[in-house]
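Residues per chain are reported as follows:
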Amino acid sequence: MNALTSLSNMSLTDISSARSLAISAGDLSVVVRQEVQRILEGNQNDLTKSIDWGFEDLARRNLISGEEAQSLKDLCKHLLNSIRRREDAEDAFFAIKKAYAAMILDPNSSPVALAIASAASSAFEFEKTNSVSITPSNTGAGAVVGGIIGGAIGGIVGGGLGAAIGAGIGAAAGAAIGYCNKHGV
């Protein structure tokens, strides 16, 4: 089925809903900026504290479990510590991959936790010279933060499904923004 056929099979309500969501994207971006500012300021502009608060908030809203919140906090600590050169990047990479694999295999893992763990898992760059070099990508931190914020706001708007979609979109947007910032674009 091509896109035009698919579009023609959509009801007027579906199209109106999609258009309403698209039109409100600017308003939503204002809300996201305000939420980021509120969270950071509430945590003395400490990124680690803000991330931890975000996971606790997702758990309070039952969008992730308490166990997932702790696992995701650990993933983020590995990622941030490797970016800040406080932990070996390869050690961090393998710890994150192991935790993410465990989440994938657990049928009770929430879509929000999987989206955020996936972003953390893909936050490393590989380079082959004489051996393989694994380094953390600064854009990976943006992806994780975007996933947290997207999950929280998506959960407010659309419950569990909205949170999962928001986490995925937020992670992608956070990575893109992190890349642009890194390269001065």
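Cut-offs used in this document
Residues numbered from 1 in each chain as written. Predicted model: local features only at pLDDT ≥ 70, side-chain atom pairs only at ≥ 80, totals over all residues. Heavy atoms only, no water. Helix = DSSP H or I, 4+ residues; strand = E, 2+ residues; numbered from the N terminus. Expected span 1.5 Å × (residues − 1). Buried < 20%, exposed > 50% of the residue type's maximum accessible area, 1.4 Å probe, protein only. Polar contact = N/O pair within 3.5 Å; in protein donor to acceptor, adjacent residues only side chain to side chain. Axes fitted to C-alpha atoms, helices over the stretch in contact; angles between N-to-C directions. Parallel < 35°, antiparallel > 145°, perpendicular 65-115°, else oblique. Left-handed = near helix turned anticlockwise from the far one by under 90°. Contact = heavy atoms within 4.5 Å. Nonpolar A, V, L, I, M, F, W, Y, C, P; charged D, E, K, R; others polar. Core = buried A, V, L, I, M, F, W, Y, C linked by side-chain atoms within 4.5 Å. Phe/Tyr/Trp six-rings, centres within 6.5 Å; stacked < 30°, edge-to-face > 60°. Salt bridge = Lys/Arg side-chain N within 4 Å of Asp/Glu carboxyl O.

Its 14 residues place the ends of helix α4 (residues 47–60) 20 Å apart at the C-alpha level, agreeing with the 20 Å of an ideal helix rising 1.5 Å per residue. Of all the positions in α4, only S50, I51, D52, G54, F55, D57, L58 and A59 are classed as buried. One side-chain oxygen of the residue at the start of α4 lies 2.9 Å from the amide nitrogen of T48, identifying that residue as D46. Immediately downstream of α4, the backbone of N62 shows phi near 60°, a positive value.

At a minimum axis distance of 9 Å, the contact between α4 and helix α5 (residues 66–83) shows a crossing angle of 160°. Classed by the angle they form, the pair α4 and α5 counts as roughly antiparallel. Viewed along their axes, α4 and α5 form a crossing whose handedness is right-handed. Contacts between α4 and α5 involve L47, T48, I51, D52, F55, E56 and A59 from the first element and G66, A69, L72, K73, C76, K77 and L80 from the second. The residue makeup of the contact of α4 with α5, split by class, is eight nonpolar, two polar and four charged.

Here D46 shows up in the loop between α3 (25–42) and α4. There is a polar contact of 3.0 Å between the side chain of D46 and the backbone nitrogen of K49.

We now examine the nonpolar core. Core analysis: the biggest nonpolar cluster contains 24 residues, and F55, L58, I64, L72 and F124 have the highest contact counts within it. Ranked by residue count, the leading element in this core is α5, at six residues.

Before going further, it helps to spend a moment on the environment of N108. Summarising the element assignment, N108 is placed in the loop between α6 (89–105) and α7 (111–121). The sequence separation of N108 and S65 amounts to 43 residues, and the corresponding C-alpha distance is 9.5 Å.

Okay, the packing of aromatic side chains next. In the structure shown here, the tally under the stated rule is one aromatic pair. Taking 5.0 Å as the distance between ring centres and 75° as the angle between the ring planes, the aromatic pair formed by F93 and F94 counts as edge-to-face.

Examined against the element boundaries, E67 turns out to sit in helix α5. A residue is classified by how much of its surface remains accessible, and E67, at 67% relative accessible area, is exposed.

This part covers the side chain of D57. Note that D57 resides in helix α4. Relative accessible area serves as the criterion here: at 8%, D57 is assigned to the buried category. Of the polar contacts made by the side chain of D57, one reaches the side chain of R61; its length is 2.8 Å.

Bringing the pattern of salt bridges into the picture now. The tally for this structure, following the rule as stated, stands at three salt bridges. For R60, the salt bridge goes to D57, with nearest N and O atoms at 3.4 Å. In this pair, R60 and D57 both sit in helix α4, three residues apart, roughly one turn of the helix. Here D57 makes a salt bridge to R61, at a shortest N to O gap of 2.8 Å. By relative accessible area, R61 is classed as partly exposed at 30%. The structure contains a network of salt bridges with shared partners spanning D57, R60 and R61.

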